[in-house]
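# A closer look at the structure
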Amino acid sequence: MMTENKILNILNADLCVGCGACTAINPSGLKMTWNEYGFLTPQITPTYVPNGEEKVCPFNIDPEKEVRTEDEIAELFLKTSTHHHAEVGRYINTYAGYSNQFRMTSSSGGIATYLSSMLLQQGVVDAVAMVHAFDDSSNRFQFKLVTNQEKLTKGSKTKYYPVTYAEILQEIKNYSGKVAISGIGCFIKAIRLLQYYDPAFRDKITFTIGIICGGMKSAFFSDYLANKAGCKEGYKYPEFRVKADNGNALDYSYSCIDAHTDEKRFLRMRTVGDMWGTGYFKANACDFCDDVTTELADISLGDAWLPEYQSDDRGNNVIVTRSKTADELIRKGISNGDLSVEKLPFDRFLRSQRGSFNHRHSGLKYRINLAKRKGQPVPPKRHDNIPAKLLFKNVQRKRLQTRAMSLKIWKETKDATLFEQKCEKYRKALTVSTELYHYDRLPARVINKLKSIVSKSR
């Protein structure tokens, strides 16, 4: 009787995010490769023999009860957290601000680089696993072990591009020292699962830096931006968050080097519209993730998308400390003047992530029901019981369609102008659905006022 291939079930359900944790458990049987839609996924090799590798997958369809969701995993690894909130998980404090030293060489406030630097200086770790370009002529990225300040700074900026832990996990396992590692929510969950099932990773990885994620992008995202910026014959060294120096943190640019002319090209991100709200180029698995704030990391960092911080184009971070070590590092940085950081009221932190909470939590039940009706398996989730109104369901349906079509259309066109033309009807349908939903949520007094304004303007 043939044994069920559980990792293949996850792949067939399009729930893989390419973290590569499975290859750490089964390095001879699984190899990371690029799929047709610009994502890294494991490929089963001719020597594959099942080894329980699905247990460390962050989207495991049938996890053990001890690590069923982020809540159970947090109980195992974040024992020094003093608070819990259903949307945020375990935490100690919330802050906002920036690093005085690393802010200008980072995408937002430079807190991740500051923490990495302090962890090395204080001997908490011997190396930091962080994302770097393969080389100076590459448009792709990989995790590398960093042990000095120069390389920390060089790898400090955000990369909206698929990466995998596959190679770095093998390196960490053979490394003689302690390591800190960064990652988005699903990647950090994979690290915690590895630590749970393999004591070697529990001993080696002693600190985790979580990046709050709005959704993993395909390699197609960078290809589209480069093409729209004018790089028609290839590009290299993309930068995804070039600060604008114009008083608005939201008005940043994408840049890259034209592979044909070596000219540096820029693209104002405001000119391409909302790449996150539309779901363009996003992984399918992201629509079945309910970890908005990277709940399993020692510390979680995101952009301070709040009115009081957005007018500062140099960037600010929102910060959630979840372990005693993390909170001490932040408080010490504040007291010695390294950090311009203040405590952020918890309700303000919640507001900074409200859009993600609305999508990932409030719309989750509907998306799960859709998947199940199609016979697609879904991992157990915590926020799967929130009823959605009809107009909100319509937004979810349109967003799912827009996400899927963006990948298919770019695969066919590989041209920014044609892509935008073919995607326009899906984007418009989503926009109309979203506006109707927002209008329906307005209080009656606001609707009546708007009607009055429209009437007087005729």
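Rules of the game
- Residues numbered from 1 in each chain as written.
- Predicted model: local features only at pLDDT ≥ 70, side-chain atom pairs only at ≥ 80, totals over all residues.
- Heavy atoms only, no water.
- Helix = DSSP H or I, 4+ residues; strand = E, 2+ residues; numbered from the N terminus.
- Expected span 1.5 Å × (residues − 1).
- Contact = heavy atoms within 4.5 Å.
- Buried < 20%, exposed > 50% of the residue type's maximum accessible area, 1.4 Å probe, protein only.
- Phe/Tyr/Trp six-rings, centres within 6.5 Å; stacked < 30°, edge-to-face > 60°.
- Lys NZ or Arg CZ within 6 Å of the ring centre and 35° of its normal.
- Pairing = 2+ DSSP bridges.
- Axes fitted to C-alpha atoms, helices over the stretch in contact; angles between N-to-C directions.
- Salt bridge = Lys/Arg side-chain N within 4 Å of Asp/Glu carboxyl O.

## Quick word on helix α11 (residues 324-335)
Taking 1.5 Å of rise per residue, the 12 residues of α11 would be expected to cover 16 Å, and the 16 Å separating its terminal C-alpha atoms lies within 8% of that figure. Against the buried residues of α11 lie β5 (93-99), α4 (111-121), β9 (205-211), β13 (299-303), β14 (317-321) and β15 (339-343). Following α11 by one or two positions, G337 adopts a phi angle in the positive range, close to 85°.

## A short note on unusual backbone geometry
At D262, a residue that is not glycine, the phi angle is positive and equals roughly 65°. Looking at the element boundaries, D262 is found in the loop between β11 (253-258) and β12 (264-268). One non-glycine residue, K414, adopts positive backbone phi at about 55°. Here K414 falls in the partly exposed class, since its relative accessible area comes to 44%.

## Thoughts on the packing of aromatic side chains
In the structure shown here, the tally under the stated rule is 22 aromatic pairs. Note on Y91 and F346: the rings are 4.7 Å apart at their centroids and 5° apart in plane angle, and the pair reads as stacked. Residue Y91 is found in strand β4 (residues 89-91), and its partner F346 is found in helix α12 (residues 346-352); the two are separated by 255 residues along the sequence. Accessibility expressed as a relative area gives 12% for Y91, which makes it buried. Here the aromatic rings of F143 and Y165 are separated by 4.8 Å at their centres, their planes lie at 50°, and the arrangement is tilted. A residue pair is termed long-range when its members are at least 10 positions apart, and F143 in strand β7 (residues 141-146) and Y165 in the loop between α5 (149-154) and α6 (166-174) qualify at 22 residues. Each member of the pair, F143 together with Y165, is buried. Residue placement shows R103 over the ring face of Y98; its charged tip is 3.5 Å from the ring centre. The ring of W34 has R140 sitting right over it, with the charged end atom 4.2 Å from the ring centre.

## Examining the pairing of β5
A large share of β5 lies buried, amounting to 6 of its 7 residues. By the bridge criterion, 5 bridges tie β5 to β14 in an arrangement that is antiparallel. Residue pairing for β14: Y95 is matched across the bridge by I319.

## A short note on the sheet that holds strand β10 (residues 235-242)
Spatially, 3 strands are ordered β10-β11-β12 in an open sheet, and the strand pairing comes out antiparallel. Strand pairing shows two members of the sheet lacking a second neighbour, β10 and β12, which therefore form its edges. Strand-to-strand twist of the sheet, defined as the mean angle between neighbouring strand axes without regard to direction, takes the value 20°. In terms of strand pairing, β11 meets β12 through 5 bridges, oriented antiparallel. Within β12, the position partnered with Y254 by the bridge is L267. Packing of helix α9 (residues 219-229) onto the sheet brings it into contact with β10, β11 and β12, and relative to β10 it is tilted by some 95°.

## Re the pattern of salt bridges
Inspection of every chain in the model, using the stated rule, returns 22 salt bridges. Salt-bridge contacts for R382 lead to D290; the nearest nitrogen and oxygen are separated by 3.1 Å. Of this pair, R382 sits in the loop between α14 (364-373) and α15 (390-413) while D290 is found in the loop between β12 and β13, placing the two residues 92 residues apart along the sequence. Of the two residues, R382 and D290, neither departs from the other in class, the shared state being buried. Ionic pairing is found between R382 and E295, a salt bridge with its closest N-O pair at 2.8 Å.

## Topic: the pairing of strand β8 (residues 179-184)
With respect to burial, β8 is a largely interior element, 6 of its 6 residues being buried. Sheet topology note: the strand β6 (residues 127-133)/β8 ladder contains 3 bridges and is parallel. Residue pairing in the sheet places A129 in a bridge with I181 of β8. As judged from the 6 bridges shared by β8 and β9, these two strands associate in the parallel manner. Bridged to I184 within β9 is I211.

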